[in-house]
Structures are given as structure tokens and as C-alpha cells.
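Spelled out from the first residue to the last, the chains are:
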Amino acid sequence: MISVHDALSLILDTVTPLAGERIGLLDAVGRVLFEDIRSEREVPPFANSAMDGYAVREEDLHGITADAPATLAVLEVIQAGAVPHHTVTSGAASKIMTGAVMPPGADTVIRVEDTEEHAGRVWIKRRERVGTHVRANGEDIRRGQTVLEKGRVLRPADIGLLASVGRGFVLVRQRPRVAILSTGNELVEIDEPLHPGQIVNSNAYMLAAAVQELGGQPVPLPIARDTLEEIRAALNEAVRHDVVLSTGGVSVGDFDFVKEAMDELGIRRLFWQVAQKPGKPLTFGLLRERPYFGLPGNPVSALVCFYLYVQPALARMMGHEKPFPPVVSAVVGDDISKAKGLTEFVRCRLASVHGHYEVHSTGSQSSGVLSSLSLGEGLIIGAPELALLPKGMEVKVLVLNGDHFARNEAPF
Ligand code: AMP
Ligand code: MG
């Protein structure tokens, strides 16, 4: 049995980032950039007006007031998307719309609200400093500038920047294809009738959702029955994917064949059993550099192991520089007993009270009770040497409903 720290380190030491792929911008949100993006353009590509108003020469407005406005001849109306036909000379102005090209000769825009136009002439009632309401070309992005760096997790504003510099395709890290193999004679698919002794294969749905939420590609495989032959055949199929998750069959029951099947297939087992609760029977191995996680069958154990170990591994494969979820300090609201000798991840509710977090257990910590994981926002990291987390104690809590890629430092 190894410690949670050693288990996580072993996993992270062995997984490596996937290669890159070129994808269209519409698919790129949330993906990790695998190239530096340098702009070959200026944004905006031309000086333009920030307001609907009149493009003028600032020197024509010297000395004016609301009562003694300047009177200028209107040369043309410049619409967004059009090219101006006239140079603005002294004593003249062009009406201009937001986003339209500044005409040559003009250096300032006066808002339409500060003017009055009659019969081809405009009265300018307000003076502005030179350059007011004009957006210079290259004001947002200069040519040759690095707009976004490799490793960036693309957000909507980044997608907008990429579009504005004309990058319809970008190189990002691949999304891992994650095979999900459920083992167990008792399992049936969701649309099948339940006979005595049977339960729905809920783990496959839950883990597929967890993979999807992180940006991976879940590939659920058919249920494997608890025979060595069937599990071996299913695993053999599964290891063609970038990552394999199996659930069940890793304990010490008479029909737990996963470890034996791993050995027969040459999946190098790096550990079996971690000093933790839930999820003690977790096993991890490698086949041709592909990570294989043998998760316990209990739904809570499977999902907690996913959060603790699979999530950072997938994050690293996708190129995330911060592969860990957030950790916050919180004060225990009511005594919580825990398993001495094991790191216990206690399902908890996190509440913000007067600027600090208070934490309460969500109730039954049995690894069959998935509702107590669904109820809470986090997992208290309960140190192995403790048998009790007393009211008032400060603890660290892994936050499960926040940003998945928040920390570069391991939580334990
Ligand atoms: P095992 O690890 O195979 O001994 O399974 C532990 C417990 O988890 C048993 O009660 C199983 O019925 C349950 N279990 C195993 N696989 C699944 C699954 N895919 N979906 C829901 N429960 C499961
Ligand atoms: Mg089983």
C-alpha cells in the first residue's frame, strides 16, 4: 500500500503530454494552445472612429464654445466598411459612423450629440483634445506581436483575438481518448430491465461525464463479465486508446480478475492499493506508455479516484500547466470522525461564513452512497494520523465544483 502523495507522484512522473493537432477556431475554446501566436496584422487595421460623429481637424475648433460654435462644411457621410472619398481640409468635416475609416486630414471626432447639422453645414459646439474618439491602427495588436503564448487555455476573448488576427485554425494539444470499461456480472445497461441482483452500470455514465467535463473524449466500452477471459479481451481492446479507466474487479474478491488480466497483457503495474478512503483498491499501470487506471467499482470510490488521480493525469496529457483543482482552507463546523491510518477524503459542503470557509460533512461516507458526493462541493483532505477532525480545526479542502485547472502544485 502506498501513500496518496507517492501514488500521485508516480502517476504524474509517467504521463506525458499528447501531440498537437490543428483545429478550427469554433472548436478551440477550452483547448490548450500548442504554438505561440504572432500577429501578421495590425488590429484595428486602420484608424477609425470610436463614435458616431464628425471627423474634424482639431485646430479648426480653437476658441469655440457652446454659444460660439465652429461651422464646418460637411464633405460626405462615411459608413462603417466604406472608404472615405475626401480629405478633410480646414473649415470642413465628414460625418462618420463608429468603426468607419478616419478620412485623411482629420485627427479628431466630435460626438454627434455635441453638434447640429443643417443644409450641408455642421455646428460644432464642443472642443476635444486632438485624437479624441479616434482609435489608432494597431492600438489593440501590433504587427509581429505575440498575441497568445503556447500553454494558454483558450477562453472566449482569446478566440476573438485569434479571429481578429485572421487565424481560423490553431495548433492545440490533442484531447485524450479515454476508454471506460465497466466490469461486473451484476451490471446492466441503462435501457435494460433490472432483474434480481442487477444494478445499472452507472459508473460508465459518471466517468464519461467527468472525462467530458475536463475536455477529454470518453469512449464507453461494452460491460465485461467477471471472467478472466472476458476482462482480458476487453482490456486488450481498451488499451488502444490514450488512457484506460476500468471500474470494479480490483479488490480481493473471488471474481476480481483485473490485476491478473493486467499481468497477462503485460500492463506494468506501478501500484495496487493506496492508503486512502475511499478508493483504497486503486491500481495503476502502463502499457506502451499508455496509462491504465483500475478504479474500484464503488461509484464514490471510482469518482473520488478520478478527481484525485485521473484528472491531473488527463490535464497533463492535454498540456495544462495547472493540472490540479483549487484547494482552500476551511474551518470544520462539526466534529467529523475519520479512518485513522488512511488519508480520508471526506465529502463535504463548503459555505462562506464572514469571509472564511466553513465545512460540514455531507453525511454518510459509505463508498456506496453517491448522493453524499453529489450533495457537496468538496473533499476534505483528512491526514492519516488523525481519527477525528474536531469542530474548529482548520483543514484543506479540494474544491470540485470550481476551475479544474487551477493549481500547479499538487494538493497532497
Ligand atoms: P467491485 O469493485 O467490483 O467489487 O465493486 C464494488 C461495488 O461497486 C459493488 O457493489 C458493485 O456492484 C459496484 N459497482 C461495480 N461496478 C459498478 C458500475 N459500473 N456501476 C455501478 N456500480 C458498480
Ligand atoms: Mg465487481
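Residues numbered from 1 in each chain as written. Chains lettered and ligands numbered in written order. Predicted model: local features only at pLDDT ≥ 70, side-chain atom pairs only at ≥ 80, totals over all residues. Heavy atoms only, no water.

**Describing the layout of surface pockets**
1) Next: Of the pockets and cavities examined, the largest pocket occupies roughly 480 Å³.
2) Next: Breaking the lining of the largest pocket down by element, the ones donating at least two residues are strand S15 (199-200), helix H3 (202-214), strand S19 (276-277) and helix H6 (299-317).
3) Next: Taken together, the residues that form the lining of the largest pocket break down as nine nonpolar, 16 polar and five charged. (1 Å grid on protein atoms, 1.4 Å probe; cavity = no way out; pocket = protein on both sides within 12 Å on 5 of 7 lines; lining within 4 Å. Points joined across faces, edges and corners; volume = space filled by probe spheres on them. Helix = DSSP H or I, 4+ residues; strand = E, 2+ residues; numbered from the N terminus. Nonpolar A, V, L, I, M, F, W, Y, C, P; charged D, E, K, R; others polar.)

**What to know about the side chain of Asn203**
1) Next: Residue position: Asn203 is located in helix H3.
2) Next: We classify Asn203 as buried; its relative accessible area is 7%.
3) Next: Leave out the neighbours within four places in its chain, and Asn203 touches Thr247, Gly297, Pro299 and Ala302. (Buried < 20%, exposed > 50% of the residue type's maximum accessible area, 1.4 Å probe, protein only. Contact = heavy atoms within 4.5 Å.)

**Comments concerning the packing of helix H4 (residues 228-238) against helix H5 (residues 258-265)**
1) Next: Where H4 contacts H5, the two axes come as close as 9 Å, and the packing angle between them is 55 degrees. Taken together, the axes of H4 and H5 are oblique relative to one another. Relative to H5, the crossing made by H4 is right-handed. Residues Leu228, Ile231, Arg232, Leu235 and Asn236 of H4 pack against Val258, Glu260, Ala261, Met262, Glu264 and Leu265 of H5.
2) Next: Its residues assigned to classes, the contact of H4 with H5 comprises seven nonpolar, one polar and three charged. (Axes fitted to C-alpha atoms, helices over the stretch in contact; angles between N-to-C directions. Parallel < 35°, antiparallel > 145°, perpendicular 65-115°, else oblique. Left-handed = near helix turned anticlockwise from the far one by under 90°.)

**Observations concerning the sheet that holds strand S5 (residues 70-78)**
1) Next: Strand order in the open sheet made by the six strands is S7-S4-S6-S5-S9-S8, with mixed pairing throughout. The sheet terminates laterally at strand S7 (108-111) and strand S8 (115-118), the two strands that pair on one side only. Within this sheet the neighbouring strands show an average axis-to-axis angle of 35 degrees, counted without direction.
2) Next: Here strand S4 (residues 53-56) runs beside strand S6 (residues 92-96); their pairing, made up of three bridges, is antiparallel. (Pairing = 2+ DSSP bridges.)

**Examining the sheet that holds strand S17 (residues 243-247)**
1) Next: On the basis of which strands lie adjacent, the open sheet formed by six strands has the order S16-S13-S17-S21-S20-S18 and mixed pairing. On the outer flanks of this sheet lie strand S16 (217-220) and strand S18 (268-272), each paired with one strand and no other. Each strand of the sheet is rotated relative to its neighbour by a mean of 20 degrees, with strand direction disregarded.
2) Next: Pairing geometry for strand S13 (residues 177-182) and S16, over four bridges, is parallel. If you follow Val178 over to S16, its bridge partner there is Pro218.
3) Next: Relative to the sheet, H6 contacts S13, S17 and strand S21 (290-295), its axis offset from that of S21 by approximately 170 degrees.

**Let's talk about the packing of H3 against H6**
1) Next: Running from N to C, H3 and H6 cross one another at 25 degrees; their axes reach a closest spacing of 11 Å. In terms of orientation, H3 and H6 fall into the roughly parallel class. As for the relative orientation of H3 and H6, their crossing is right-handed in sense. Contacts from Ser202, Asn203, Met206, Leu207, Ala210, Val211 and Leu214 of H3 reach H6 at Pro299, Ala302, Leu303, Phe306, Gln311 and Leu314.
2) Next: Broken down by class, the residue content of the contact of H3 with H6 amounts to 10 nonpolar, three polar and no charged.

**Some thoughts on the pairing of S17**
1) Next: Most of S17 is tucked away, with five of its five residues classed as buried.
2) Next: Relative to S17, S13 is paired through five bridges, and the arrangement is parallel. What sits directly across from Ser182, in S17, is Thr247.
3) Next: As judged from the four bridges shared by S17 and S21, these two strands associate in the parallel manner. Bridge pairing links Thr247 to Leu295 in S21.

**Describing the domain arrangement of the chain**
1) Next: Structurally, the chain comprises domain 1 (4-18 + 174-317), domain 2 (22-38 + 141-173), domain 3 (48-135) and domain 4 (327-399).
2) Next: Each of domain 2 and domain 3 was reduced to a C-alpha centroid, and the two centroids are 37 Å apart. (Domains from an automatic or database assignment.)

**Some words on the site of ligand 1**
1) Next: Looking at ligand 1, there are 15 residues lining it, with Glu186, Asn201, Asn203, Gly249 and Gly297 nearest.
2) Next: Contact distances for ligand 1 include 3.2 Å between a nitrogen atom and a backbone N or O atom of Asn203.
3) Next: In isolation ligand 1 has 480 Å² of accessible area, and contact with the protein removes 78% of it.
4) Next: Given that more than half its atoms are within 2 Å of the pocket grid, ligand 1 belongs to the largest pocket.
5) Next: Counting residues per element, the ones that place at least two in the shell around ligand 1 are S15 and H3.
6) Next: Tallied by class, residues from the shell around ligand 1 come to four nonpolar, 10 polar and one charged. (Near = heavy atom within 4 Å. Polar contact = N/O pair within 3.5 Å; in protein donor to acceptor, adjacent residues only side chain to side chain. Areas by Shrake-Rupley, 256 points an atom, 1.4 Å probe, with all protein chains shown as cover. Sits in = over half its atoms within 2 Å of the grid points.)

**As for the side chain of Ser49**
1) Next: Assignment of secondary structure puts Ser49 in strand S3 (residues 48-49).
2) Next: If we skip the residues at most four places from it in the chain, Ser49 touches Ile96, Met97, Thr98, Gly99, Ala100, Met102, Val109, His133 and Arg135.

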